[in-house]
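Coordinate inspection notes
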Amino acid sequence: MAASTLKLVFFLLFTFFTFSQITSSHHPLDPLTPSEFKVVRTLVKKSYPSPKHNLTFQYISLDEPDKPALHSWLSKPKSKPPPRRAFVITRLNRQSHELIVDLSNRYIVSDKVYNGNDGYPLLTLDEQTVASELPFSYKPFIDSVKKRRLNLSEVVCSTFSVGWFGEEHSGRVIKILCFYIEGSANLYVRPLEGVSLLVDLDELKIVEYYDRARVPVPKAEGTEYRRSKQKPPFGPRLNRFAIEQPDGPGFKINGHKISWANWEFHVGFDVRAGPIISLASIYDLEKGTYRQVLYRGFVSELFVPYMDPTEEWYYKTFFDAGEFGFGQSALPLEPLADCPANAAFIDAYYAGEDGTPVKISNAICIFEQHSGSVLWRHTEIAIPGEVITEVRPEVSLIVRMVTTIGNYDYILNWEFKPSGSIKIGVGLTGILEVKAVDYTHTSQIKEEAYGTLLAKNTIGVYHDHFLTYYLDLDVDGEANSFVKNNLVTKRVTDKSSLRKSYWTVESDIAKIESDAKIQLGLKPSELVVVNPNKKTKPGNNIGYRLIPGSISNPLLSSDDFPQIRGAFTNYNVWVTPYNKSEKWAGGQYIDRSHGDDTLATWSLRNRGIENKDIVLWYTMGFHHVPCQEDFPIMPTLSGGFELRPTNFFESNPVLKTKPPNHVNCTTKP
């Protein structure tokens, strides 16, 4: 047999083995595996040979099965699962291609060239790395560093998206800004203000260069955050503590399926969204079955506009998930620091620019949290001669990922409670985006500074963080409605009571999308997703209530270009009919987008949402006025919201919860 024939046989055997692995033992919502990324890469490169090597993979992720197909499989899990498919976006010859790759049958189902000029796909880490290295071989930049009497070897550069400001045609470019690290690792607080470069990402070459101003680089003194570099005096010592679970962990991990207490759910991963929670169901003790709550939930977008309109800053209006990728920017979690000693870890994978799989070790952690909170309690002293005290400690399950996008670190939590609540939390920490200035004291500031003077030559610029969550709630089934229970003040006018007023609830069922657009804080109301087809024994519609956290609404004018792109933050709450293609609030192509493919534009169709499969979108926000305590590194600022059962159960679902056996904790003097 010829050597070439032998090679072909071995290749076919390897391919058969690889694809047999792909088509077996997968849950249909499992994220793509390393072998599946390799298959996508092989098929695409074979179909689109590129002698100039200008084919790049911008996004590869699971093309989730259609809902009916998945539900059909869930009802018969031993039946053949839906086909495994990948959704792929590539760049080839300055065009974006959308491909559907059938992993089960090894072929490209479709290839659509995206011809719009209103946005570009996710930026890859590889192209950003190459772009950030270009300044160091660019003579005008080298000259600028020398003029500032700085050491080029101590300069570090980073990438910044440039947004859209009314241009008819927007090229695929990225801004490069640089920082000085001499004397500190805290590079983001030492910008080379006034110097910027513009890089064409398809050509990976510098197309514009600016050196507009000479501003002192802030000093390194007091900016160090590494423990090994700290000098006395030190702050308070935090005593050690131990986490003991004599009975072992209370949760089980089977692939990506998690079971804990009365919950079951699936944890996925996407290069853009990060963690994805799917098929969350809770066991109803009275009914003796698991009941659906959340079909799919994840961070859809994070909009971060800065409030400095000057030439060097106006474009800093970032869409961190769609431009830089929450999942792509995830880093390995630190045991005993990011996550406690009782945590279990899950690795994650995404595809690099060349299509090869990249592993993130310990990307997600899962742990039980014994927080010292109370699940429920009551002390009864009204019964003569008797005092009754019943207390149940609260234990919850946390799913956590941390993503670092440039200077900011975001801690993403999904917390499941035995009571049926799901608490979604985010923590903001890391380093502020600062502007170098001539000022050393607030008394010197005579004009708008657009921020807070935090230290000598250092302004922390005002900005916002708006996180929009995609929440496909299927409350005991797919057909749901959105109800606004408005709290309305009533006057007592018939002299039937000595009271003059009271409040009551007036319910309003949203029939079309415009009925469900809500700016929170304008009037008191409870927002509930109900299943109108199922009722409790007393006759109430079963449901889940949205309990918002702190309320922040956008303050930019509606005609400002960043707000046109971020119009999905105009309301805190939206409700849309389920549509598999509508998952990214800012649009599929958000880098340099024009704002014409967003949640706000989809909702203009004003589709019916009553008693249908609906998706709840919730935006939580932070208006961030930096303060000196945020410098040189920011203590975590936390926020969140809750999805809480409302007439979902017939009574308290944790009444009969067995508390854990107590383990005595002794404190030594």
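Counting of residues starts from 1 at the beginning of each chain's written sequence and follows it residue by residue. In keeping with the predicted nature of the model, local features appear solely for residues at pLDDT of at least 70, side-chain atom pairs appear and are counted solely at 80 or more, and the whole-chain, interface and lining totals rest on all residues. The side-chain numbers reported here are obtained from all heavy atoms of the structure, hydrogens and water having been left aside.

Description of the packing of aromatic side chains
Here the aromatic set is Phe, Tyr and Trp, taking the six-membered ring for Trp, and pairing holds for ring centres within 6.5 Å; pairs whose planes are under 30 degrees apart are stacked, those over 60 apart are edge-to-face, and all others are tilted. All told, the structure shown has 31 aromatic pairs when counted by the stated rule. Relative to Phe416, the ring of Trp263 has its centre 5.2 Å away and its plane inclined at 65°; by these criteria the two rings are edge-to-face. Here Trp263, found in strand E11 (residues 263-270), pairs with Phe416, found in strand E18 (residues 408-416); they are 153 residues apart in sequence, far enough to count as distant. Phe416 matches Trp263 in its accessibility class, with the two residues each being buried. Ring plane angle 15° and centroid distance 4.5 Å describe the contact between Phe303 and Phe319, whose orientation is recorded as stacked. Placement of Phe303 in strand E13 (residues 289-305) and of Phe319 in strand E14 (residues 317-319) is noted, with a sequence separation of 16 residues between them. Where helices and strands are cited, they refer to DSSP runs of H or I of at least four residues and of E of at least two residues respectively, numbered from the N terminus. Accessible area is worked out with a 1.4 Å probe on protein chains only. A residue is then buried under 20% of its type maximum, exposed over 50%, and partly exposed in between.

Here's the deal with the sheet that holds strand E5 (residues 155-160)
Strands sit in the order E5-E6-E7-E8 across an open sheet of four strands; the sheet is antiparallel. Both edges of this open sheet fall to E5 and strand E8 (205-211), since each of them pairs with a single strand only. Within this sheet the neighbouring strands show an average axis-to-axis angle of 25°, counted without direction. In this analysis, strands are considered paired if DSSP registers two or more bridges between them. Relative to strand E7 (residues 195-200), strand E6 (residues 173-180) runs antiparallel, the two being bridged by four bridges. Residue pairing for E7: Lys175 is matched across the bridge by Leu198. The contact rule is simple, with two residues in contact once any of their heavy atoms fall within 4.5 Å. Structural elements are reduced to axes, namely lines fitted to C-alpha atoms, with helices fitted over the stretch in contact, and the angle between N-to-C directions of any two is expressed from 0 to 180 degrees. Contacts between helix H4 (residues 125-133) and the sheet are confined to E5, E6 and E7, with E5 contributing the most and set at about 135° to the helix. Running over the sheet, helix H5 (residues 139-147) touches E5, E6, E7 and E8 and is turned about 30° from E8.

Thoughts on the nonpolar core
Throughout, nonpolar core names a set of buried Ala, Val, Leu, Ile, Met, Phe, Trp, Tyr and Cys residues whose side chains join them through atoms within 4.5 Å. Formed by 135 residues in total, the largest nonpolar core has its most connected members in Trp263, Phe265, Trp414, Phe416, Tyr469 and Phe482. In contact with Phe265, not counting residues within four places along its chain, are His256, Lys257, Ile258, Ile277, Ser278, Leu279, Ala280, Leu397, Val399 and Phe416.

Here's the deal with the state of the cysteines
We call a pair of cysteine sulfur atoms a disulfide when they lie within 2.5 Å. By the definition in use, this model includes two disulfides. A sulfur-sulfur separation of 2.1 Å characterises the disulfide bridge that pairs Cys157 with Cys178. Measuring handedness by torsion sign, the sulfur bridge of Cys157 and Cys178 sits at about 95° and is right-handed. With Cys157 in strand E5 and Cys178 in strand E6, this residue pair connects regions lying 21 residues apart in the sequence. This pair shows no difference in class: Cys157 is buried, exactly as Cys178 is. One disulfide bridge connects Cys339 with Cys365, the sulfur atoms lying 2.1 Å from each other. Across the disulfide from Cys339 to Cys365, rotation about the S-S bond amounts to roughly -85°, and the bridge is consequently left-handed. Here Cys339 is found in the loop between helix H6 (320-324) and strand E15 (344-351), whereas its partner Cys365 is found in strand E16 (residues 357-380), with 26 residues between them in sequence. The same class applies to Cys339 and to Cys365, which are both buried.

Section: the pattern of salt bridges
Any carboxyl oxygen of Asp or Glu that lies within 4 Å of a side-chain nitrogen of Lys or Arg is treated as forming a salt bridge with it. Under the defined criterion, the tally for this structure stands at 41 salt bridges. Glu311 is paired through a salt bridge with Arg212; the nearest N and O atoms lie 3.4 Å apart. Here Arg212 lies in the loop between E8 and strand E9 (251-254) and Glu311 lies in the loop between E13 and E14, a separation of 99 residues in the sequence. Accessibility expressed as a relative area gives 39% for Arg212, which makes it partly exposed. For Arg291, the salt bridge is made with Asp284, and the minimal N-O distance between the two is 2.7 Å. We note that Arg291, like Asp284, is buried. Salt bridges here are not isolated pairs; linked through shared partners, they connect Lys67, Asp472, Asp474 and Asp613.

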